[in-house]
Number of protein chains: 2
Amino acid sequence: MAIRPAEQLIHKAAWLYYAHGLRQDQVASQLNISRASVAMYLRKARETGIVNISTSTQLFTDDVMARKLEDALKLDAVWIAPENGYIPDPSTDIAVLAASVFLELVKKGDRIGVAWGRTVYTIADIMSYADLQDVTVVQLCGNLGAPYSYRPDQCTMEIARRLNAKGLNFYAPLVLSTEDLARALRAEPVIREQLAGISDCNLALFSVGTVDADSHVVKCGALNPDEMAALRGIGAAGVIAGQIIDARGEALDCSYNRRVISAELGSLRTIEKRLMVVQEDSKFEPLLAALAGGLCTHLVVGAHMAQRLLDHAGAAPQKAS
Amino acid sequence: MAIRPAEQLIHKAAWLYYAHGLRQDQVASQLNISRASVAMYLRKARETGIVNISTSTQLFTDDVMARKLEDALKLDAVWIAPENGYIPDPSTDIAVLAASVFLELVKKGDRIGVAWGRTVYTIADIMSYADLQDVTVVQLCGNLGAPYSYRPDQCTMEIARRLNAKGLNFYAPLVLSTEDLARALRAEPVIREQLAGISDCNLALFSVGTVDADSHVVKCGALNPDEMAALRGIGAAGVIAGQIIDARGEALDCSYNRRVISAELGSLRTIEKRLMVVQEDSKFEPLLAALAGGLCTHLVVGAHMAQRLLDHAGAAPQKAS
DNA sequence: CACGGCTCTCGACAAAAGTCAAACTAGGAT
DNA sequence: ATCCTAGTTTGACTTTTGTCGAGAGCCGTG
């Protein structure tokens, strides 16, 4: 981006090393700098996405279970993280896979919608850098005023930064105190445009939240535990981009949802590729709800969750089309 | 492709090493094998395209001269290989760049037309491996019976092999002795289908040949030096996919062209992205002819050639649109 | 103009990765 | 059963790469 004087050098070093296959000392003498500098340039090249090292995620879709799930759930693609077979760091395992899958799905010129949450932020955090041009990352839902980490704008910005893309933020609170105010705010040109632009996305990244007292929306103060319990009483089954959904995967008819500034599920569904990533086993019910609502087309889950989904689909199979 | 038992292991090792960032010894203990084996698996992973290491070719299009050429020649993109600035191996320089550019242009599901020649073969030869699915590489022109290297089918197959793609060969001679026979052969279902399928390609890779005694088509015996001289007399300016073109970039009206089995220039032009690569400075005139005929949309050349093109465009500027 | 603060660069050392020949394995042929 | 070949696997060795702290250049500031 910036025309730093070294940018040129980094690029040349990366080119000689990775494309031509020279050794670092050969590159060093070629460019008349020390080998140590070359090593440093190469690190920078990797960090800025001038060179891209990606591993195929084939193995995780080729899996028999993944194929079965694709069929059972009628999804475009499913990736299953092994979890227990070999254990590098179980917790980040799904996130690493999700990040790779995400980078595989992104193309030049894409417009990407990004939701928020711990999962999304973790993915952003471990995602490697890429040098995509003409990519725009848009925030799918309003912000949280609270100084809570994993804020929607953070997720959006971080992913934009990693991709060397433009980040389109969204300066509205996630939830307002009255429905009138929310309506008025949604009608504001800046906000309206942003919301309208969501259906122009061709890729979305999000997770699904639980509806218990541990839920993200509760922890960040958008709802208190009692309110959440009440919502659960009237059918809340999960959280998508800050909105409560019922077991059918439709927005729950409740005051909270009407006070939220976020991508409508309808416009979300118009996005071509919707990548949903689920890390915790506790998100089984919310995941079922999201799947029922056809909210995602691409899914990344752990092996255990995959098994549960498969068992569930086997026990109560979808009506054949 | 083959379901070798080790494939799984290679993939796991690559995943732990490249995606999770473990060290080789950590991967080794994780998988209960020796570190030496891990090193070997990783090499295989790179060789088979399970991991992809690519360097951005930005630098070479961002170049001022490249931008000027894009404007002057009305091309979608131009890449210029430095050549003299820093010299790793001048001769392969353009080929390495071309291979990178090519890999950047290929996408899943593509259908790729490949011509032949030393340039194309060199590119195929140094191109790194990738694991693309659903890619088909089709041969753009008939084969040469002679035991000459860089045969059309070799170029096609080699590139298909590198991409892990399907190669569609073309079992007809490049040139026949009579026009009648050529016509009859073109009407054969197998051949006709292959020729018809060329317009379905969305990416083509080719170079342009000279029309002197050193020309590829002469060296491989399709034409003898005298015939070539005669063709030059009636306006031959270059060779594209085995066909003679005139200075306007149209197929020259001659017996030879009518005896050739190859992609028609018309169907070639329907291909969305046509990457032309020119290595030798001696190909200036042929290149001009090809450019005049709008035969390519993407161009990779060396710095010296780029300068000549720019000078030429400046001296005799195209009519503004 | 001297002073931090800053980034960039380098030499030297430590760590990691690549390589090779020898040992081992498995399958097929005799 | 025995030999042979082709392909893996490994430990030991060499080469290549990563890293760190020291030093050099550069700029704005007091």
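Here's a quick rundown of the structure.

Reading the values: rules and limits
Residues numbered from 1 in each chain as written. Chains lettered and ligands numbered in written order. Predicted model: local features only at pLDDT ≥ 70, side-chain atom pairs only at ≥ 80, totals over all residues. Heavy atoms only, no water. Pairing = 2+ DSSP bridges. Helix = DSSP H or I, 4+ residues; strand = E, 2+ residues; numbered from the N terminus. Axes fitted to C-alpha atoms, helices over the stretch in contact; angles between N-to-C directions. Contact = heavy atoms within 4.5 Å. Buried area = accessible area lost by both parts, 1.4 Å probe. Salt bridge = Lys/Arg side-chain N within 4 Å of Asp/Glu carboxyl O. Polar contact = N/O pair within 3.5 Å; in protein donor to acceptor, adjacent residues only side chain to side chain. Near = heavy atom within 4 Å. Nonpolar A, V, L, I, M, F, W, Y, C, P; charged D, E, K, R; others polar. Buried < 20%, exposed > 50% of the residue type's maximum accessible area, 1.4 Å probe, protein only. Parallel < 35°, antiparallel > 145°, perpendicular 65-115°, else oblique. Left-handed = near helix turned anticlockwise from the far one by under 90°. Least-squares fit on C-alpha atoms with pLDDT ≥ 70 in both.

**A short note on the sheet that holds strand β9 (residues 273-277) of chain A**
As a general point, the strands of a sheet are linked pairwise by backbone hydrogen bonds and lie either parallel or antiparallel.
Residue and element names in this part refer to chain A.
Here's step 1: Taken in spatial order, the seven strands of this open sheet run β2-β10-β9-β6-β3-β4-β5, and their pairing is parallel. The open sheet has two free edges, formed respectively by β2 (77-81) and β5 (166-168), since each of these has just one partner strand. Adjacent strand axes in the sheet meet at a mean angle of 20°, parallel and antiparallel pairs treated alike.

**So, the interface of chain A and chain B**
Here's step 1: Every contact between the two is made by 35 residues of chain A and, on the other side, 35 residues of chain B.
Here's step 2: Interface of chain A and chain B: buried area, both sides summed, is about 3,100 Å²; carbon and sulfur atoms make up 66% of it.
Here's step 3: Put simply, chain A and chain B have zero salt bridges between them.
Here's step 4: The tally of links between chain A and chain B comes to 10 residue pairs in polar contact (both at pLDDT 80 or more).
Here's step 5: Listed by contribution, the elements that provide at least two residues to the side of chain A that touches chain B are α1 (5-19), β1 (51-55), α4 (58-62) and α6 (90-105) of chain A.

**Notes on the protein's contact with DNA strand C**
Here's step 1: Residues in contact with DNA strand C amount to 15 residues; listed here are only the nearest, A:Y41, B:Y17, B:R23, B:Q24 and B:R35.
Here's step 2: In the interface set of DNA strand C, defined as its atoms within 4 Å of the protein, sugar plus phosphate atoms amount to 66%.
Here's step 3: Interatomic distance of 2.6 Å between a side-chain N/O atom of A:Y41 and a phosphate oxygen of DNA strand C.
Here's step 4: The separation between a base nitrogen of DNA strand C and a polar side-chain atom of B:R35 is 2.8 Å.
Here's step 5: With five residues, the top contributor of residues to the surface near DNA strand C is helix α3 (residues 35-48) of chain A.
Here's step 6: The residue inventory of the surface near DNA strand C, partitioned by class, reads seven nonpolar, three polar and five charged.

**Looking at the pattern of salt bridges**
Here's step 1: Inspection of every chain in the model, using the stated rule, returns 26 salt bridges over all chains.
Here's step 2: For A:E158, the salt bridge identified is with A:R162, shortest N-O distance 2.8 Å. In this pair, A:E158 and A:R162 both sit in helix α8 (residues 152-163), four residues apart, roughly one turn of the helix.
Here's step 3: Classification of A:E158 by relative accessible area gives buried; the value is 13%.
Here's step 4: Using a relative accessible area of 9% as the deciding quantity, one classes A:R162 as buried.
Here's step 5: Note that B:E280 and B:K283 form a salt bridge whose closest N and O atoms lie 3.3 Å from each other.

**Comments concerning the packing of helix α7 (residues 118-126) of chain A against α8(A)**
Residue and element names in this part refer to chain A.
Here's step 1: Contact pair α7 / α8: the axes reach a minimum separation of 9 Å and the direction vectors enclose 20°. Here α7 lies roughly parallel to α8, going by the angle between them. Classified by chirality, the crossing of α8 by α7 is left-handed. In contact with V120, Y121, A124, D125 and I126 of α7, α8 contributes Q154, C155, E158, I159 and R162.
Here's step 2: Per-class residue counts for the contact of α7 with α8 are six nonpolar, one polar and three charged.

**Some points on the relation of the copies chain A and chain B**
Here's step 1: Taken as rigid bodies, chain A and chain B are interconverted by a rotation of 180° and an axial shift of 0.0 Å, the fit giving an RMSD of 0.0 Å. Viewed as a symmetry operation, the transformation between the two copies matches a two-fold axis. Distance from the rotation axis, computed per C-alpha, reaches its smallest value in chain A at A:I53: 2.2 Å.

**Here's the deal with the pairing of strand β9 (residues 273-277) of chain B**
Residue and element names in this part refer to chain B.
Here's step 1: Buried residues dominate β9, accounting for five of its five residues.
Here's step 2: Along β9, one buried face is formed by K273, L275 and V277 and the opposite face, lined by R274 and M276, is buried too.
Here's step 3: Across four bridges, the pairing between strand β6 (residues 203-206) and β9 is parallel. Bridge pairing in β9 links F206 to M276.
Here's step 4: Direction of pairing for β9 relative to strand β10 (residues 298-302): parallel, over a ladder of three bridges.

**Looking at the protein's contact with DNA strand D**
Here's step 1: Around DNA strand D, the structure places 16 residues, and the nearest of them are A:R23, A:Q24, A:R35, B:S34 and B:Y41.
Here's step 2: For DNA strand D, the backbone makes up 65% of the atoms found within 4 Å of the protein, where backbone means sugar plus phosphate.
Here's step 3: Between a phosphate oxygen of DNA strand D and a side-chain N or O atom of A:R23, the distance comes to 2.6 Å.
Here's step 4: Contacts to DNA strand D include B:S34, whose backbone N or O atom sits 2.7 Å from a phosphate oxygen.
Here's step 5: If you list the elements that add at least two residues to the surface near DNA strand D, you get α3 of chain A together with α3 (35-48) of chain B.

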